[in-house]
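# Summary of structural features
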Amino acid sequence: MPLKAGIVGLPNVGKSTLFNAVTSANALVANYPFATIEPNVGTVYVPDERLSRVAELIDSKKMVPTAIEIIDIAGLVKGASHGEGLGNRFLSHIRDVDAIVHVVRCFNDANVSHVTGMSDPVADVDIVDAELAIADLDIALKRMPKIEKKARLKVDKDAESEYAILARVKETLEAGRPLRELDVTPHERRLLKGFGFLSYKPVLYVANVDENDLENDNPLVEVVRAHADKTGGETVVLSARLEHDLGELDDDDRREFIAELGVDESGIASFIARTYALLGLQTFFTADEKEARAYAFTEGMTARQCAGMVHSDFEKGFIRAETIHVDDLFDHASMAKAKEVGKIRLEGKDYRVQDGDVMWFRFNV
């Protein structure tokens with residue numbers, strides 16, 4: 001399954017424009033609140049030049065990059081967690097995402113209405129962050145009474161652990177802090193994951209600017225960056241409208257336009273890369289004559305665990321993994337030459353896979 005990222009923000013901040021630019025899905029974009037009624041869902045492929053080189057050297061017929069599923073929900077307003085606007089039912093659509101993408105309006109445009117009447121990134125961010133936190137607190141408060149008796153009587157270890165971490169959740173949220181600031185043990189992390197707490201998820205703040213501000217200092221952007229630094233988030237700056245327009249061009253025209261803007265890459269490329277990094281992801285590859293495929297994995301995963309990402313049978317009957325790093329493959333320009341000089345390794349089930357490994361799994365079930 002692809003990784004998932006949920007887009008949030010106030011109405012009319014550029015969420016759906018960004019969604020369209022990233023996924024080319026042509027979701028409705030309109031200058032009024034709640035133009036997005038049902039969630040928009042699309043897929044973006046993570047660019048990785050290494051995949052095409054692997055495919056070329058292995059002579060694979062097709063390439064399959066790793067993907068991120070993007071979910072765009074209706075704009076949030078104050079009181080959304082309690083049903084205002086389109087309300088809490090839309091927050092439920094992003095409870096199982098891996099990361100939150102929070103789009104913040106950092107442009108002034110009289111032709112695009114602002115739901116509060118004026119552009120103020122601090123206030124805008126606070127409204128959305130507060131609604132996510134309130135929704136999380138509601139979940140904790142509903143769950144705690146159900147396990148409180150068992151926890152206090154100490155007759156159920158699981159209930160004790162769950163109640164203890166929920167008490168910390170309640171304290172953190174009521175102090176106005178997002179749950180991602182919590183310092184938790186691996187066991188507590190597993191408990192939290194089951195609740196889908198929104199403020200616990202890693203967040204990427206997208207400062208949506210006018211295209212003329214891409215190369216200029218923008219005080220609104222600095223406000224967003226300061227908030228991200230304070231609360232453990234990341235920031236990327238782009239113009240959603242410009243990125244949408246770039247998506248209409250062919251590759252050569254797009255590269256020429258980007259060069260004229262004086263930037264190294266499109267904002268979307270940076271957005272995808274930052275989202276990938278935000279999730280702590282790396283990439284390994286598999287390749288044969290049929291296809292070369294990229295897989296996203298979390299740093300520290302073993303060869304056996306990564307084998308299970310390819311097929312459950314690979315993990316169950318894991319024997320070994322024939323492995324070469326892309327750098328060695330590229331240096332020798334062929335598998336045959338790399339094998340001659342001993343660059344293909346046999347790795348066991350506990351080998352920690354490295355970013356850029358090309359792997360062939362051997363198994364028996």
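Now for a description of the structure that goes with this document. (Residues numbered from 1 in each chain as written. Predicted model: local features only at pLDDT ≥ 70, side-chain atom pairs only at ≥ 80, totals over all residues. Heavy atoms only, no water.)

A count of helical and extended segments in the protein gives 14 helices and twelve strands. A total of 365 residues make up the protein; the buried ones form 50% of that total. Within the structure as shown, the protein displays about 18400 Å² of accessible surface, and the carbon and sulfur contribution to it stands at 48%. (Helix = DSSP H or I, 4+ residues; strand = E, 2+ residues; numbered from the N terminus. Buried < 20%, exposed > 50% of the residue type's maximum accessible area, 1.4 Å probe, protein only. Areas by Shrake-Rupley, 256 points an atom, 1.4 Å probe, with all protein chains shown as cover.)

Approximately 1300 Å³ is the volume attributed to the largest pocket. In this structure, the largest pocket is lined by 34 residues; those nearest its centre are L3, D98, K193, L281 and T298. Elements supplying a minimum of two residues to the lining of the largest pocket: β1 (3-8), α6 (186-193) and β9 (291-298). Here the lining of the largest pocket is composed, by residue class, of 20 nonpolar, four polar and ten charged. (1 Å grid on protein atoms, 1.4 Å probe; cavity = no way out; pocket = protein on both sides within 12 Å on 5 of 7 lines; lining within 4 Å. Points joined across faces, edges and corners; volume = space filled by probe spheres on them. Nonpolar A, V, L, I, M, F, W, Y, C, P; charged D, E, K, R; others polar.)

Across all of its chains, the model carries seven aromatic pairs by this definition. With 5.1 Å between their ring centres and 15° between their planes, F195 and F197 make a pair best called stacked. Judged on exposure class, the residue F195 and its partner F197 are both buried. Its end group placed over the ring of F330, R53 keeps NZ or CZ at 4.0 Å from the ring centre. (Phe/Tyr/Trp six-rings, centres within 6.5 Å; stacked < 30°, edge-to-face > 60°. Lys NZ or Arg CZ within 6 Å of the ring centre and 35° of its normal.)

One can find T275 in helix α10 (residues 267-278). Exposure remark for T275: the relative accessible area of 2% places this residue in the buried category. Discounting chain neighbours no more than four positions away, the residues touching T275 are A5, I68 and L204. (Contact = heavy atoms within 4.5 Å.)

Let us look at the nonpolar core. Counting residues in each nonpolar core, the largest one holds 55 residues, and the members touching the most others are L18, V206 and F271. In this structure, V206 is in contact with L18, V101, H102, V103, V104, V236, L238 and F271, ignoring residues within four places of it in sequence. Within the second largest apolar cluster, 19 residues are counted, among which are L137, M144, I147 and L173. (Core = buried A, V, L, I, M, F, W, Y, C linked by side-chain atoms within 4.5 Å.)

Across the sheet, six strands lie side by side as β2-β4-β1-β5-β6-β7; this open sheet has mixed pairing. Both outer strands of the open sheet, β2 (40-45) and β7 (234-238), are each paired with one neighbouring strand and no more. When strand polarity is set aside, the average angle formed by the axes of neighbouring strands in this sheet is 25°. Looking at chain direction, β2 and strand β4 (residues 67-72) are connected through six bridges and run antiparallel. Paired with V41 across the two strands is I71, which belongs to β4. In the packing of α10 onto the sheet, contacts are made with β1, β2, β4, β5 (99-105), β6 (203-208) and β7, and the angle to β7 comes to roughly 170°. (Pairing = 2+ DSSP bridges. Axes fitted to C-alpha atoms, helices over the stretch in contact; angles between N-to-C directions.)

Over its twelve residues, α10 extends 16 Å from the first C-alpha to the last, a length consistent with the 16 Å expected when each residue adds 1.5 Å. Every buried residue belonging to α10 is among G267, I268, S270, F271, I272, T275, Y276 and L278, and all of these are buried. Trailing α10 by a residue or two, G280 shows a phi angle of about 65°, which is positive. (Expected span 1.5 Å × (residues − 1).)

Quick look at helix α2 (residues 49-58) now. Buried within α2 we find L51, V54, A55 and I58. One side of α2 holds all its buried residues, which, seen down the axis, span an arc of 100°. Within α2, the exposed residues directed more than 90 degrees away from the buried face are E49 and E56. Tucked into the core, α2 has its buried residues touching β3 (62-64), β8 (281-287), β9, α13 (326-332), α14 (335-340) and β12 (357-363). Residue D59 follows α2 closely and has a positive phi angle near 65°. (Arc of directions from axis to C-beta.)

So, about the pairing of strand β10 (residues 318-325). In this sheet, β12 lies alongside β10 in antiparallel orientation, the contact comprising seven bridges. Bridging from a neighbouring strand, I324 pairs with V358 of β12. Sheet topology places β10 next to strand β11 (residues 345-347); three bridges connect them, and they run antiparallel. Among the inter-strand pairings, E322 is bridged to a residue of β11, identified as L346.

In the contact formed by helix α5 (residues 157-174) and α6, the axes pass within 10 Å of each other and the chain directions differ by 80°. In this view, α5 runs roughly perpendicular relative to α6, as classed from their interaxial angle. Judged by residue contacts, S161, E162, I165, R168 and V169 of α5 engage H187, E188, L191 and L192 from α6. Split by residue class, the contact of α5 with α6 holds four nonpolar, two polar and three charged. (Parallel < 35°, antiparallel > 145°, perpendicular 65-115°, else oblique.)

The next subject is the pattern of salt bridges. With the rule as written, the count across this model stands at 20 salt bridges. Among the salt bridges present, the one from E181 reaches R177, with a minimum N-O distance of 3.1 Å. When its relative accessible area of 35% is taken as the criterion, R177 is described as partly exposed. Taken together, the salt bridges that share partners define one network made up of K4, E69 and D96. (Salt bridge = Lys/Arg side-chain N within 4 Å of Asp/Glu carboxyl O.)

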